[in-house]
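Take a look at the letters that make up each chain.
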Amino acid sequence: MTIKLPPLPQPFPFAIHPSFAPGNPSPYLDLDIYDRSPFEQATRAYADRFELYQNAEQRERLANIHCGWLGSMMYPAGSDELLQVGIDFCMWAFAYDDEYCDEGDISSQPAKFIQASAEIWRQFESPEYALSQDRYALAARDLRIRLDKYAKPEQTGRFVESMRIYMMAEMWKAINPVPSVNEYVSMRVTGGGAWSFPTLGHVIANVDIPQRDHEDRRIRALFEMLAHLMAWETEPHAYLKEMTRGANYKEHNLIRVLIRERQCSFDAAIDEYLDMRLRLLGLFLRLKADVEKDATEGVKAYIESVIRYYVGATVWSQNTRRYKSMSGNTDEAAFVGGQLTEPLTLDTFNSTKPIEIDALKWWWKYDPLNTNQ
Amino acid sequence: MTALTLPEISCPLPYRIYPHVETLEAGTVAWMDKWRLYSDEKHRERLASIGCGRLGALMYPFAANADVAQIMSDYIVWAFSFDDEYCDEGEMSENPPRSITAMLQMQRSIESPEIPAYPENKFAMALRDIRLRLDKYTTPLHTTRFVNTQRGYFMVEVGKLVNPQPTMSDCVLLRLSSGGGLVFPTLGHISTLVDISQLKMEDRRLCALTEMAGMMIVWESDFFSYGKELAREPEDRQHNIVSLFQQRRGVTHEQAMAQAFSLRDKTAGLYIRLRASVLKNASPEVAAYIESLDCYWRGGLEWISENPRYRYLNGVDGQVAYQGGKLTETFPDDCWGTVDIPSISWWWQYEPAHAWSPPGTDPKQLPHLRRG
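All values derive from a computational prediction rather than experimental measurement. (Residues numbered from 1 in each chain as written. Chains lettered and ligands numbered in written order. Predicted model: local features only at pLDDT ≥ 70, side-chain atom pairs only at ≥ 80, totals over all residues.)

1. What to know about the overall build of chain A
Here's step 1: Helix and strand content of chain A: 15 helices and four strands.
Here's step 2: The C-alpha atoms of chain A give 19 Å as radius of gyration, which agrees with the globular expectation for 373 residues (21 Å, within 12%).
Here's step 3: C-alpha extents for chain A along the principal axes are approximately 55 × 45 × 45 Å.
Here's step 4: Within chain A, buried positions represent 54% of all 373 residues.
Here's step 5: Expressed as a percentage of contacts within chain A between residues at least 6 apart in sequence, the contacts between residues at least 24 apart total 74%. (Helix = DSSP H or I, 4+ residues; strand = E, 2+ residues; numbered from the N terminus. Rg over C-alpha atoms; globule rule 2.2 N^0.38 Å. Buried ≥ 20, exposed ≤ 12 C-beta atoms within 10 Å, placed from the backbone. Contact = placed C-beta atoms within 7 Å.)

2. With respect to the overall build of chain B
Here's step 1: Helix and strand content of chain B: 15 helices and four strands.
Here's step 2: Within chain B, the fraction of its 372 residues that count as buried is 51%.
Here's step 3: Sequence separation of 24 or more characterises 71% of the internal contacts of chain B that already satisfy a separation of 6 or more.

3. Here we look at the packing of helix 1 (residues 21–35) of chain B against helix 4 (residues 66–86) of chain B
All names here are of chain B.
Here's step 1: It is the contact of helix 1 with helix 4, at a shortest axis distance of 9 Å, that shows an interaxial angle of 55°. Compared by their axis directions, helix 1 and helix 4 come out oblique. Seen from above, helix 1 lies across helix 4 with right-handed handedness. Residues Leu24, Gly27, Thr28, Trp31 and Met32 of helix 1 lie in contact with helix 4, whose contacting residues are Ala69, Gln70, Ser73, Asp74 and Val77.
Here's step 2: Of the residues contributing to the contact of helix 1 with helix 4, the split by class is five nonpolar, four polar and one charged. (Axes fitted to C-alpha atoms, helices over the stretch in contact; angles between N-to-C directions. Parallel < 35°, antiparallel > 145°, perpendicular 65-115°, else oblique. Left-handed = near helix turned anticlockwise from the far one by under 90°. Nonpolar A, V, L, I, M, F, W, Y, C, P; charged D, E, K, R; others polar.)

4. Considerations on the interface of chain B and chain A
Here's step 1: Listed per partner, the contact involves 38 residues of chain B and 41 residues of chain A.
Here's step 2: Listed by contribution, the elements that provide at least two residues to the side of chain B that touches chain A are helix 5 (96–111), helix 7 (140–162) and helix 10 (198–201) of chain B.
Here's step 3: Ranked by residue count, the leading element in the side of chain B that touches chain A is helix 7 of chain B, at 10 residues.
Here's step 4: Across the side of chain B that touches chain A, the residue classes break down as 18 nonpolar, 15 polar and five charged.

5. Quick word on the nonpolar core
Here's step 1: Ranked by internal contacts, the top residues of the largest apolar core, which has 228 residues, are Met91(A), Trp92(A), Leu222(A) and Ala260(B).
Here's step 2: Contacts of Met91(A), omitting those with residues within four sequence positions, involve Thr43(A), Tyr46(A), Ala47(A), Leu52(A), Leu62(A) and Cys67(A). (Core = buried A, V, L, I, M, F, W, Y, C linked by C-beta atoms within 7 Å.)

6. Concerning the packing of helix 9 (residues 183–192) of chain B against helix 11 (residues 204–229) of chain B
Residue and element names in this part refer to chain B.
Here's step 1: Their axes nearest at 8 Å, the elements helix 9 and helix 11 cross at an angle of 120°. It follows from the interaxial angle that helix 9 and helix 11 lie oblique. You can see that helix 9 and helix 11 cross each other, and the crossing is right-handed. Note on element contacts: helix 11 touches helix 9 through Thr210, Ala213 and Gly214, opposite Phe184, Pro185 and Thr186.

7. Considering helix 6 (residues 122–137) of chain B
Residue and element names in this part refer to chain B.
Here's step 1: Its 16 residues give helix 6 an end-to-end C-alpha distance of 24 Å, which sits within 8% of 22 Å, the value for a rise of 1.5 Å per residue.
Here's step 2: Within helix 6 the residues assigned to the buried category are Phe123, Ala124, Ala126, Leu127, Arg128, Asp129, Ile130 and Leu134.
Here's step 3: Its buried side turned inward, helix 6 meets helix 1, helix 4, helix 5, helix 7 and helix 9. (Expected span 1.5 Å × (residues − 1).)

8. Some thoughts on the environment of Gln259(B)
Residues and elements named next belong to chain B.
Here's step 1: Assignment of secondary structure puts Gln259 in helix 13 (residues 253–280).
Here's step 2: Note on Gln259: 17 C-beta atoms within 10 Å, which makes it partly exposed.
Here's step 3: Along the chain, Gln259 and Met201 lie 58 residues apart, while their C-alpha atoms are 32 Å from each other.

9. Let's talk about the confidence of the model for chain B
Residue and element names in this part refer to chain B.
Here's step 1: Model confidence for chain B is summarised by a mean pLDDT of 90, while 92% of its residues fall at 70 or above.
Here's step 2: No element of chain B has a lower mean pLDDT than helix 15 (residues 308–311), at 87, and none a higher one than helix 9, at 98.
Here's step 3: In this model residues 356–366 is a low-confidence stretch, pLDDT under 50, and it forms 13 contacts with partners more than four residues away in sequence or in other chains.
Here's step 4: Here the predicted complex carries an ipTM of 0.88, next to a pTM of 0.91. (pLDDT = per-residue confidence, 0-100.)

10. Notes on the environment of Thr296(A)
Here's step 1: Tracing the sequence through the fold places Thr296(A) in the loop between helix 13 (266–292) and helix 14 (297–319).
Here's step 2: Spatially, the C-alpha atom of Thr296(A) lies 11 Å from that of Val207(A), the residues being 89 residues apart in sequence.

11. Some words on the environment of Val278(B)
Here's step 1: Here Val278(B) is to be found in helix 13.
Here's step 2: Classification of Val278(B) as buried rests on a count of 20 C-beta atoms within 10 Å.

What follows is the structure, given as structure tokens:
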């Protein structure tokens, strides 16, 4: 089966970290040369050191993600040391997602899984000693120790909290295989690292945003919107793969959940998703312009870090071998189209309608068009 | 059976209380009625008799104003009621998927309080009310700390639902965050509105002090409730620290109590030493934060040690469940040494008396990896 998607309108330019594969004329494509990047070599060594796989086949699949490339697109600014933390976190999250959440023995044992997730959480928030022998807990601790060395405590604190959100979502997913659309969007944006990856962006870029601004609801809405949007963009691609292999009884895919809840066809679900993303982008651009009218440089850089995450992760998801094929190891096409467009002008995104999903409605409370704020 | 005898319990911090306890009590009962935080009339009576107003007044003696003191007292009844319904033997504890979804709705309601997304979930609506009222007085940093520690609370309750047999170390960790264990001490500085920066809050020594204050109250309530809990089935009291020692180490109740007291005294000793060390060159906000932890610990212990619900077998009067347990304002006698519970051993990393690390926990040494 091949899935065909239209191009996805979007307003943002592309960027990649200058230290990664310099001189590459097509940095948005998945290339064999990335195998030789020192960042890629280092992250594979990290996976080997903590044995973040259950067998040789999975080890190869992790290598094929090209975490070095993905991290360099999501985190195009920042020191090489912090970029490596970002890349290694990609490796950690994919490995954990595959082995613990979706496919390994532990993924079908909620009690054991939740136990392990709690150990990971504690180890990440208390890095002083090795408290656990869990491979993922120890590998997470290694990331935390490096963040303590290279990043600021408030920045690291935000990432630590995001990991707690991540672990909690995975526990929820482990026991709720058939969520409603309303539940699912919250599950999706918090699970699978979808909250942690964008949180890490400002840490790697060393953005100084005061905690007060970080907690500002309008800035949180901007963060949430792109965190959700990135997660949605992967769903049509993942739909086919998840239907074909892995923990199939878990209906953890936006398209699949829409089809069930709306009792609609695949095409109708895709149409709804396409409409959702336009509504979201309309609000995002209005609110961003409004916030930036009197924002500090730190706030602007923070918003930019979230945009970088969205673009980088989306470009990766559309070009990676992991989603292009069933096995995750070859280039055989499973879907065509669905690429982000070149940056379109802002007036393209003029939708003013809210998305009719309860969990997302609060964003429109901060819509600059809404005079009753 | 003879009543258990508890040793004296020492806490060298002063007694303090917020005035107008009766107003707080009445306010909290009215708030509980507004959100119907009970399953029936009997449950309502029980919650009303806890004395949440007095507990709040003891834990948060320097609450910035009457409204803030009321929020604290109301949150306490929320936690007691939630605990009854969702944790331990509550009705919802038998249905983990439903229960977890309900808890995530509660969490979401305080994360994004703008729109009431779950009007049918009374615990979510009541918790959202707490958040909205806090927003009136506190800074976004305060409310975020409340939201984040509340997330830890829910997360641990979720873990408890599906993992009935945790290890000793996990069990201790689980108790630290469950039942509001870390939310209550965090509310301390929120109640005084002290504006401490996030950078200072991330100081690992303050994290350690916060966890220690939270943990000691959990253990102390375990000591005082142990006499009553002995009347229950062993499997129903395994999270109690004394039970945990008694069951896992195969010792008598008295020996287990002595071991648990020693654990608590070592922690109390570390708390006092680390506190003094941080205070030596602390900013006024850090000093105020530490004072809020002091109040929380001493106030909580005061409430636990005097409380008829633990002292008497029937929870009111008559036959006692324990003897002794007198609260003294002295320094614990034997308060040096470390503990062999991995999940909390990091507190001793910050022991001011000496740079020290427990055996087998060299941070540079990669331990054996466990698969799956």
